[in-house]
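# Structural description and commentary
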Amino acid sequence: MALEPHAFMSALEKRSSFTDEDKAVLKSHANWGLEIAPQMADHFYAYLERDQEMNAILHTGESRIHRLRQTFTEWFHEMFTGIDEWGPAYADRRWKIGLVHVRIGIGPQHVVPAMATVIHEVGKRLQTEGKTEALKDSLSRICMIDLAFIEQAYVEVSSAAVLQETGWTEGLFRRLITTGARSM
């Protein structure tokens, strides 16, 4: 079940209709993305810090929240630059970010609403600053691609752990998941 980040990125680009035009729009606004990234980090972490569980995770160690904010700012700007035209390096970095979320315990139940907060705040900035609908659409698509990487990391890590601990085959595991979903 091991995810191959490059193939996953390609599949997500197709599924979300993330096009060369989207990439050009994002690149043309890369400086703007870098400019607003720290404020978006503020919104993201302000949301997460309101949750007692997340606040405890974010503030273990003196420098963790500082490092996380710095990483968020880099991540946000990279959505506009694509690192390598949204190619292998971009996919590898997004996969690594997903795995870090799993490792430190920032689950989808936290990331998804926090990302929604960021998207809402970016939307307000887009409107206030008179940015185009094309930029909003392109940014929405790449945000959803990035969010899919984070969520898929949870699926992959959980599945791999179950398979390793139980010795089950992937086919058996998928059948059990399907059967379990039907019974809920």
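A brief report on the enclosed structure follows.

Parameters and conventions
- Residues numbered from 1 in each chain as written.
- Predicted model: local features only at pLDDT ≥ 70, side-chain atom pairs only at ≥ 80, totals over all residues.
- Heavy atoms only, no water.
- Core = buried A, V, L, I, M, F, W, Y, C linked by side-chain atoms within 4.5 Å.
- Buried < 20%, exposed > 50% of the residue type's maximum accessible area, 1.4 Å probe, protein only.
- Helix = DSSP H or I, 4+ residues; strand = E, 2+ residues; numbered from the N terminus.
- Contact = heavy atoms within 4.5 Å.
- Polar contact = N/O pair within 3.5 Å; in protein donor to acceptor, adjacent residues only side chain to side chain.
- Expected span 1.5 Å × (residues − 1).
- Axes fitted to C-alpha atoms, helices over the stretch in contact; angles between N-to-C directions.
- Parallel < 35°, antiparallel > 145°, perpendicular 65-115°, else oblique.
- Nonpolar A, V, L, I, M, F, W, Y, C, P; charged D, E, K, R; others polar.
- Phe/Tyr/Trp six-rings, centres within 6.5 Å; stacked < 30°, edge-to-face > 60°.
- Salt bridge = Lys/Arg side-chain N within 4 Å of Asp/Glu carboxyl O.

Turning our attention to the nonpolar core. Residues Tyr45, Phe72, Phe76, Val122 and Ile142 are the most contacted members of the largest nonpolar core, which totals 50 residues. For this core, the elements supplying multiple residues, two or more each, are α1 (5–16), α2 (20–28), α3 (30–49), α4 (52–58), α5 (64–85), α6 (88–104), α7 (108–128) and α8 (133–166). Setting aside its immediate chain neighbours within four residues, Phe76 contacts Gly33, Ile36, Ala37, Met40, Val118 and Val122.

We now examine the side chain of Glu78. Inspection of the secondary structure puts Glu78 in helix α5. A polar side-chain atom of Glu78 sits 2.8 Å from a polar atom in the side chain of Arg93. Setting aside anything within four residues of it in sequence, one finds Glu78 in contact with Ile83, Trp86, Tyr90, Arg93 and Arg94.

At Ser17, a residue that is not glycine, the phi angle is positive and equals roughly 60 degrees. In this fold, Ser17 is placed in the loop between α1 and α2.

Turning to α1, a few remarks are in order. An α-helical turn contains 3.6 residues, so a residue and the one three or four places further along point in the same direction. The terminal C-alpha atoms of α1 lie 16 Å apart, and with twelve residues this matches the ideal 16 Å at 1.5 Å per residue to within 8%. The inward-facing, buried residues of α1 contact α2, α6 and α8. Just downstream of α1 lies Ser17, where phi reads positive at about 60 degrees.

For the pair α1 and α6, the least separation of the axes is 8 Å and the interaxial angle reads 100 degrees. By the criterion of interaxial angle, the relationship of α1 to α6 is roughly perpendicular. Facing Pro5, His6 and Met9 of α1, the residues of α6 in contact are Pro88, Tyr90, Ala91, Asp92 and Trp95. Its residues assigned to classes, the contact of α1 with α6 comprises six nonpolar, one polar and one charged.

This part covers the packing of aromatic side chains. If you walk through the whole model with that rule in mind, you get eleven aromatic pairs. Measuring from centroid to centroid gives 6.1 Å for Trp32 and Phe80, while their planes differ by 75 degrees, and the two rings are edge-to-face. A residue pair is termed long-range when its members are at least 10 positions apart, and Trp32 in helix α3 and Phe80 in helix α5 qualify at 48 residues. What makes Trp32 buried here is its relative accessible area of 6%.

Under the definition given, this model contains 13 salt bridges. Between Arg69 and Asp42 there is a salt bridge, with its nearest N and O atoms 2.8 Å apart. One end of the pair, Arg69, is in helix α5; the other, Asp42, is in helix α3, with 27 residues separating them in the sequence. With a shortest N-O distance of 2.7 Å, Glu129 and Arg125 are connected by a salt bridge. Sharing partners across several salt bridges, the network here consists of Glu74, Glu78, Arg93, Arg94 and Asp146.

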